[in-house]
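For reference, the chains in residue letters:
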Amino acid sequence: MSFGVRSVALLSSLSPWCWWRRPRLSCARPAWSCSRHILDMSYSRHFLDFQGSSIPSSMKKLVVTKLSQNFREAVALEQDSPVPLPGDGDLLVRNRFVGINASDINYSAGRYDASVKPPFDIGFEGVGDVVALGLSASADYTVGQAVAYVKAGSFAEYTVVPAKQAVPLPSVKPEFLTLMVSGATAYISLKELGELSEGKKVLVTAAAGGTGQFAVQLAKKAKCHVIGTCSSNEKGGFLKTIGCDHTINYKTENVEAVLRKDYPEGVDVVYESVGGKMFDLALNCLATKGRLIVIGFIAGYQNPTGLPPTKAELLPAKLLKKSASIRGFFLNHYLSEYKKALKHLLEMHERGDLVCEVDFGDMSPEGKFIGLESVFRAVDYMYMGKNIGKIVVELPHSVNSKL
């Protein structure tokens, strides 16, 4: 799933909203005398959170110090970075969970925007508590509120988030983090480009990953027949629990041979995020009038020479022969649909209609991903193809925190 440098403003055009927002309490006294729990951080240099525990003056965060497709070489952990102060329309969020995306490597390698030079912050999404806020931001948010956001700089203990880019949540749960980029990408791409309908055959590559899990479930809810590729029997078992009709372990099975045998007329829609050889076979297995949706090409992200080659010279003939099509999807180009999609996904999750699988790395050799130091392991874990669901890193509270 591609996620570019312009994603720092992913939600900047969206007004704060929340379908579960509690109604404002009325107050018969003048507005200025109504008691509200607001901490105006706009011009303060000394501050406390709403329960009296000190917000430190310094924090840990990850910073890109050199451009490299090797994440460990590109990124450094800063131990004593100043805790940022929120401006008038901002929130200061103490991050509790941060999400790992395949595009973290593309971002640290400088592949999205050559004009961006190190050092710069990294990390795209987080969930946490509002611990301070500016006066204007207090019109829609309060200290102690749980929020999620999509903004560059989430790999830090504290992040300043413009109030317009935050999404209010009923509680701080890592499951909400899975929906911000991964869930929204699957929902909007399939809705806008998939043309799903009952009985259609849908192939999802990397189906047990952070985005693939949602593509499987959403296609199944559209009453499609869903095929998912994965790298282990354990992942295949998970896919079956979320509705996948047919799983293919590409480590032990020949994916193209299985598809030719079991689906001789081809598949109607391919949701593709791997690239390279997987892209080629996905193209070959398209049915007449089939659609291939490209949402990423993870096989090329860590490759120092760039993308692995595909048989592009045959592409026109293959598409013409089947009246087939290939569509790319980049979330930033569909921001007009984002608010509606996220609202629907959150409602589905709250009803129990959507599984939001989170992988904290409990089964990794060094154990659960806790603390910013473990982001490096989490990125390695993703590129080794070990995760089931969305990889999330938990950030523990400081000793004096009461939140």
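Residues numbered from 1 in each chain as written. Predicted model: local features only at pLDDT ≥ 70, side-chain atom pairs only at ≥ 80, totals over all residues. Heavy atoms only, no water.

Taken as a whole and judged by the stated rule, the model has zero disulfides. Looking at the unpaired Cys 244, the closest cysteine sulfur is the one in Cys 230, lying at 7.8 Å. Taking the relative accessible area as the measure of exposure, Cys 244 reaches 6% and is therefore buried. (Disulfide = S-S within 2.5 Å. Buried < 20%, exposed > 50% of the residue type's maximum accessible area, 1.4 Å probe, protein only.)

Of all eight residues in helix α7 (residues 277-284), six are buried; the element is thus mostly enclosed. The set of residues buried in α7 consists of Met 278, Phe 279, Asp 280, Leu 281, Ala 282 and Leu 283. On its buried side, α7 packs onto β10 (225-230), α6 (255-262), β12 (267-272), β13 (286-294), α8 (315-322) and β14 (325-328). (Helix = DSSP H or I, 4+ residues; strand = E, 2+ residues; numbered from the N terminus. Contact = heavy atoms within 4.5 Å.)

In this section: the sheet that holds strand β1 (residues 58-64). Taken in spatial order, the three strands make up an open sheet running β2-β1-β4, and their pairing is antiparallel. A strand with exactly one partner marks an edge of an open sheet, and here the two such strands are β2 (75-82) and β4 (120-121). Sheet topology places β1 next to β2; six bridges connect them, and they run antiparallel. When the sheet's bridge partners are listed, Leu 62 is paired in β2 with Leu 77. (Pairing = 2+ DSSP bridges.)

We now examine the packing of helix α3 (residues 174-194) against helix α9 (residues 338-351). At a minimum axis distance of 9 Å, the contact between α3 and α9 shows a crossing angle of 125 degrees. Between α3 and α9, the crossing angle belongs to the class labelled oblique. α3 and α9 meet at a crossing whose hand is right-handed. Contact residues: α3 offers Glu 175, Phe 176, Leu 179, Met 180, Gly 183, Ala 184, Tyr 187 and Ile 188, while α9 offers Tyr 338, Ala 341, Leu 342, His 344, Leu 345, Leu 346, His 349 and Glu 350. In terms of residue class, the contact of α3 with α9 is built from 11 nonpolar, three polar and two charged. (Axes fitted to C-alpha atoms, helices over the stretch in contact; angles between N-to-C directions. Parallel < 35°, antiparallel > 145°, perpendicular 65-115°, else oblique. Left-handed = near helix turned anticlockwise from the far one by under 90°. Nonpolar A, V, L, I, M, F, W, Y, C, P; charged D, E, K, R; others polar.)

Turning to the confidence of the model for the protein, a few remarks are in order. Regions with low pLDDT carry predicted coordinates that are not meant to be interpreted in detail. Averaged over all residues, the pLDDT of the protein equals 86, while 82% of them reach at least 70. Low pLDDT, under 50, characterises residues 2-38; the predicted model gives this stretch 84 contacts beyond four residues in sequence or across chains. pLDDT under 50 marks residues 399-403. Its contacts with residues more than four places away, or in other chains, come to 13 contacts. (pLDDT = per-residue confidence, 0-100.)

Below, the discussion takes up the packing of aromatic side chains. Applying the stated criterion across every chain, the model contains six aromatic pairs. Taken together, the aromatic side chains of Tyr 107, Phe 120 and Phe 124 make up a single cluster linked through ring pairs. Of note, Lys 368 hangs over the ring of Phe 360, and the distance from its end group to the ring centre comes to 4.7 Å. (Phe/Tyr/Trp six-rings, centres within 6.5 Å; stacked < 30°, edge-to-face > 60°. Lys NZ or Arg CZ within 6 Å of the ring centre and 35° of its normal.)

Grouped together as the largest cluster of nonpolar side chains are 54 residues, with contacts concentrated most on Leu 169, Leu 179, Val 204, Val 216, Leu 239 and Phe 329. Excluding anything up to four places from it in sequence, Phe 329 contacts Thr 185, Ile 188, Ser 189, Leu 193, Ile 293, Val 294, Ile 295 and Tyr 334. Formed by 28 residues, the second largest nonpolar core is a distinct cluster that contains Val 64, Phe 155, Ala 378 and Val 393. (Core = buried A, V, L, I, M, F, W, Y, C linked by side-chain atoms within 4.5 Å.)

Take the pattern of salt bridges next. Within the structure shown, the criterion is met by 15 salt bridges. Among the ionic pairs, Glu 373 bridges to Lys 60, the shortest N-O distance being 2.7 Å. One end of the pair, Glu 373, is in the loop between β15 (358-359) and α10 (375-383); the other, Lys 60, is in strand β1, and 313 residues separate them in sequence. Notably, a salt bridge pairs Asp 380 with Arg 72, separated by 2.8 Å at the nearest N-O pair. Taken together, the residues Asp 380 in helix α10 and Arg 72 in helix α1 (residues 71-74) connect sequence positions 308 residues apart. By relative accessible area, Asp 380 is classed as partly exposed at 26%. (Salt bridge = Lys/Arg side-chain N within 4 Å of Asp/Glu carboxyl O.)

Attention shifts here to the sheet that holds strand β11 (residues 246-249). Across the sheet, six strands lie side by side as β11-β10-β9-β12-β13-β14; this open sheet has parallel pairing. With one partner strand each, in any of the chains shown, β11 and β14 form the two edges of the open sheet. Averaged over all adjacent pairs, the angle separating strand axes in this sheet is 15 degrees, with direction ignored. Contacting β12, β13 and β14, α3 runs over the sheet at an angle of about 145 degrees to β13.

A few words on the pairing of strand β9 (residues 201-204). Pairing of β9 with β10, which is carried by four bridges, proceeds in the parallel orientation. Looking at the pairing, Lys 201 lines up with His 225 of β10. In the classification by handedness, the crossover that spans β9, the intervening helix α4 (residues 212-221) and the parallel β10 is right-handed. The sheet contact formed by β9 and β12 spans three bridges and is parallel. Bridged to Val 202 within β12 is Val 269. (Right-handed = clockwise from strand over helix to strand, strands pointing away.)

In this fold, Lys 390 is placed in strand β16 (residues 390-394). The contacts of Lys 390, once residues within four sequence positions are left out, are Gly 99, Ile 100, Asn 101, Glu 125, Thr 178, Ser 182, Gly 210, Gln 213, Glu 357, Val 358 and Asp 359.

Bringing the pairing of strand β6 (residues 146-150) into the picture now. The buried fraction of β6 is high, at five of five residues. Burial along β6 is two-sided: Ala 146, Ala 148 and Val 150 facing one way and Val 147 and Tyr 149 facing the other are all buried. Sheet topology note: the strand β5 (residues 125-133)/β6 ladder contains five bridges and is antiparallel. The partner of Glu 125 across the bridge, within β6, is Val 150. Inspection of the sheet shows β6 paired to strand β8 (residues 166-169) by four bridges, in the antiparallel sense. Counterpart to Ala 146 in the pairing with β8 is Leu 169.

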